[in-house]
Amino acid sequence: MSYDAVELIRAKRDGGTLGDEAIEWLVRNYTDGLVTAEQMAAMAMAIYFRGLDPRELSTWTAAMIGTGERMDFSSLSRPTVDKHSTGGVGDKITLPLAPLVAACGAAVPQLSGRGLGHTGGTLDKLEAIPGWRAELSNAEMLRQLETVGAVICAAGSGLAPADKKLYALRDVTGTVESIPMISASIMSKKIAEGTAALVLDVKTGAGAFMRRREDATALARTMVGLGQAAGVETVALVTAMSTPLGRSAGNAVEVAESVEVLAGGGPSDVVELTLALAREMLACAGIDADPADALASGRAMDTWRAMIAAQGGDPDAPLPVARHTETVAADQEGVLASMDAMAVGLAAWRLGAGRAKQGDPVQAAAGVTWHVGVGDRVRKGDPLFTLHTDTPERFDRARQALDGAVTYTAADVVVPPLVLERIDRP
Ligand code: URA
């Protein structure tokens, strides 16, 4: 059956619903180049304003999955469980989490991407480790999942190719921030990946996609619904992203912090979120184990080392260090009331940790580390941030990003909770 793309755009624009066959036709023909980018851009804007009802959304997601391959982990002896975060500043949780959950008996296929904009990409972080490679064949991935239990690697272009094309189009047409389209985008890739269980970390606050809490909750519910309908055991945590996570944002600096966590130390918020997500992942995978034990005993660290080595990395190699550093000091005395995650992400990006467009190189050693957290008392002149870069001409713009990034108060500050809500049904 053939459709007229313009008729479908008009129908959605005017508040109508699209039939299943029409959606399948549209997604397939856009992927194959028969529906033009202009037409899909108009459709994306119509969906941005009109939304998709649950039936349309589930058909749209299935149609995106149907444009590519589906992976199959059923031959593995361990249960598979994956995690997806909607992205935040200093969010390095995947790095300690994947080996931790694998050390408890699960297989964790963590297919990741590179960063664009103010939130870093997991692969960019791991590529700071000398020798580590992100590209694995499907056979290598399966072998590593069976032997080590955890793999963090580049998602192949064969998974939901419709999403790759549509996400790039949404990025340049002001249509990214649509709950149904974000849900279909994320869940099409995760369902195609073939994991049996999935835990979503949906961020909310100044440094997140979903700044408003109610939008984050709606996104979490929508994705949980899509996952469960596709037979994937799916749970979401809505977590705070007003303040950056941990004490570092960048590439090598985030790897170093993750290794500290695996060694039994590290910032308390990173440890708390890693353990909270690990507990959810193990429960979804049907594994009765306490991840705190695996962390404390060093088993998670052993799995990290095996995971890095299996992909050519040297877990003992020193991480790259920036050629230049500068300190930003407190300009007054007081108790830190807030630290703006978006400002810190922007500063790290301007120092060279992130890229402006796909394919740009990133600096492994660039980033921001901070020496104090919300609730800490500082005196005027105390160091707040250290800026790291190989290209010192970037310091000025990074400092500008951090102007006003922290606020102070005279009174004690109650640190707000990190995990705001758990969602296990649509
Ligand atoms: N991440 C994705 O993979 N897709 C979106 O649409 C937004 C964030």
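1. Describing the overall build of the protein
For the protein, the helix and strand inventory stands at 16 helices and 13 strands. Within the protein, the proportion of its 426 residues that are buried is 54%. In the protein, 79% of the contacts between residues at least 6 apart in sequence involve partners at least 24 apart. About 17300 Å² of surface is accessible on the protein, with carbon and sulfur atoms providing 51% of the total. Where the 40 positive side-chain charges of the protein centre and where its 53 negative ones centre are 2 Å apart.

2. Side note on the domain arrangement of the protein
It is common to give the size of an interface as the accessible area lost on bringing the parts into contact. Split into domains, the protein comes out as domain 1 (5–51), domain 2 (82–316) and domain 3 (324–409). A separation of 24 Å is found between the C-alpha centroids of domain 2 and domain 3. On the domain 3 side, the residues contacting the 24 residues of domain 2 number 29 residues. With both sides pooled, the region where domain 2 packs onto domain 3 buries about 1800 Å², and carbon together with sulfur makes up 60% of that total.

3. Structural notes on the pattern of salt bridges
This structure, assessed with the given rule, holds 24 salt bridges. As a salt-bridge pair, E7 and R10 come within 2.9 Å of each other at their nearest N and O atoms. Of this pair, E7 and R10 both sit in helix α1 (residues 5–13), 3 residues apart, which is roughly one turn of that helix. Residue D424 pairs with R422 through a salt bridge whose shortest N-O separation is 2.9 Å. Each of D82, K190 and E193 takes part in one network of salt bridges that share partners.

4. Digging into the sheet that holds strand β4 (residues 197–204)
Strands sit in the order β1-β4-β5-β13 across an open sheet of 4 strands; the sheet is mixed. Each having just a single partner strand, β1 (81–85) and β13 (419–423) make up the two edges of the open sheet. For this sheet, the mean angle separating the axes of adjacent strands, direction not counted, is 20°. In terms of strand pairing, β4 meets strand β5 (residues 233–240) through 8 bridges, oriented parallel. What sits directly across from L200, in β5, is A236. Packing against the sheet, helix α9 (residues 179–193) makes contact with β1 and β4, and its axis sits at approximately 165° to β1. Contacts from helix α12 (residues 268–284) reach β1, β4, β5 and β13 within the one sheet, and its direction differs from that of β4 by about 150°.

5. What to know about the nonpolar core
Residues V101, W304, V344, V368, L384, F385 and L387 are the most contacted members of the largest nonpolar core, which totals 79 residues. If one sorts the elements of this core by residue count, α12 sits on top with 10 residues. For this core, the domains that each give at least three residues are domain 2 (82–316) and domain 3 (324–409). If sequence neighbours within four positions are ignored, V344 has contacts with V89, P244, A249, M339, V368, W370, F385 and L402.

6. Description of helix α7 (residues 138–147)
M141, Q144 and L145 are the residues of α7 that are buried. Projection of α7 onto a plane perpendicular to its axis shows the buried side chains occupying an angular sector of 100°, all on one side. In α7, the exposed positions that point more than 90 degrees away from the buried face belong to R143 and T147. The inward-facing, buried residues of α7 contact β2 (108–112), β3 (150–154) and α14 (299–310). Of the residues one or two after α7, G149 is the one with positive phi, at around 100°.

7. A word on the packing of helix α4 (residues 54–65) against α9
Packing of α4 against α9 leaves a shortest axis separation of 9 Å and a crossing angle of 45°. Classified by the interaxial angle, the pair formed by α4 and α9 is oblique. Where α4 crosses over α9, the handedness of that crossing is right-handed. When α4 is examined against α9, the residues L57, W60, T61, M64 and I65 are found in contact with a partner set consisting of P180, A184, S185, M187, S188, I191 and A192. Looking at side-chain class alone, the contact of α4 with α9 contains 9 nonpolar, 3 polar and no charged residues.

8. Thoughts on the site of the ligand
Taken together, the neighbourhood of the ligand is formed by Y167, R170, I182, S185, I186, K189 and F209. Between the ligand and K189 there is a distance of 2.5 Å, counted from an oxygen atom to a side-chain nitrogen or oxygen. Look at the ligand: alone it shows 240 Å² of surface, and the protein chains cover 91% of it. Those elements that provide at least two residues to the shell around the ligand are α8 (161–171) and α9. Counting residues per element, the shell around the ligand draws most heavily on α9, at 4 residues. Class assignment for the residues of the shell around the ligand results in 4 nonpolar, 1 polar and 2 charged.

9. Observations regarding the sheet that holds strand β8 (residues 334–339)
Strand order in this open sheet of 3 strands is β10-β8-β12, and the pairing throughout is antiparallel. The sheet is open, and its two borders are formed by β10 (377–378) and β12 (406–409), each paired with just one other strand. Note: β8 against β12, 4 bridges, orientation antiparallel. Looking at the pairing, L336 lines up with Y408 of β12.

10. As for the packing of aromatic side chains
As enumerated under the stated definition, the model contains 2 aromatic pairs in all. With 5.1 Å between their ring centres and 85° between their planes, Y48 and F49 make a pair best called edge-to-face. F49 sits in the exposed class, given a relative accessible area of 64%. It is K165 that lies over the ring of Y30; its NZ or CZ is 4.7 Å from the centre.

About the cut-offs
Residues numbered from 1 in each chain as written. Predicted model: local features only at pLDDT ≥ 70, side-chain atom pairs only at ≥ 80, totals over all residues. Heavy atoms only, no water. Helix = DSSP H or I, 4+ residues; strand = E, 2+ residues; numbered from the N terminus. Buried < 20%, exposed > 50% of the residue type's maximum accessible area, 1.4 Å probe, protein only. Contact = heavy atoms within 4.5 Å. Areas by Shrake-Rupley, 256 points an atom, 1.4 Å probe, with all protein chains shown as cover. Lys, Arg positive; Asp, Glu negative; His and termini not counted. Charge placed at Lys NZ, Arg CZ, Asp CG, Glu CD. Domains from an automatic or database assignment. Buried area = accessible area lost by both parts, 1.4 Å probe. Salt bridge = Lys/Arg side-chain N within 4 Å of Asp/Glu carboxyl O. Pairing = 2+ DSSP bridges. Axes fitted to C-alpha atoms, helices over the stretch in contact; angles between N-to-C directions. Core = buried A, V, L, I, M, F, W, Y, C linked by side-chain atoms within 4.5 Å. Arc of directions from axis to C-beta. Parallel < 35°, antiparallel > 145°, perpendicular 65-115°, else oblique. Left-handed = near helix turned anticlockwise from the far one by under 90°. Nonpolar A, V, L, I, M, F, W, Y, C, P; charged D, E, K, R; others polar. Near = heavy atom within 4 Å. Polar contact = N/O pair within 3.5 Å; in protein donor to acceptor, adjacent residues only side chain to side chain. Phe/Tyr/Trp six-rings, centres within 6.5 Å; stacked < 30°, edge-to-face > 60°. Lys NZ or Arg CZ within 6 Å of the ring centre and 35° of its normal.

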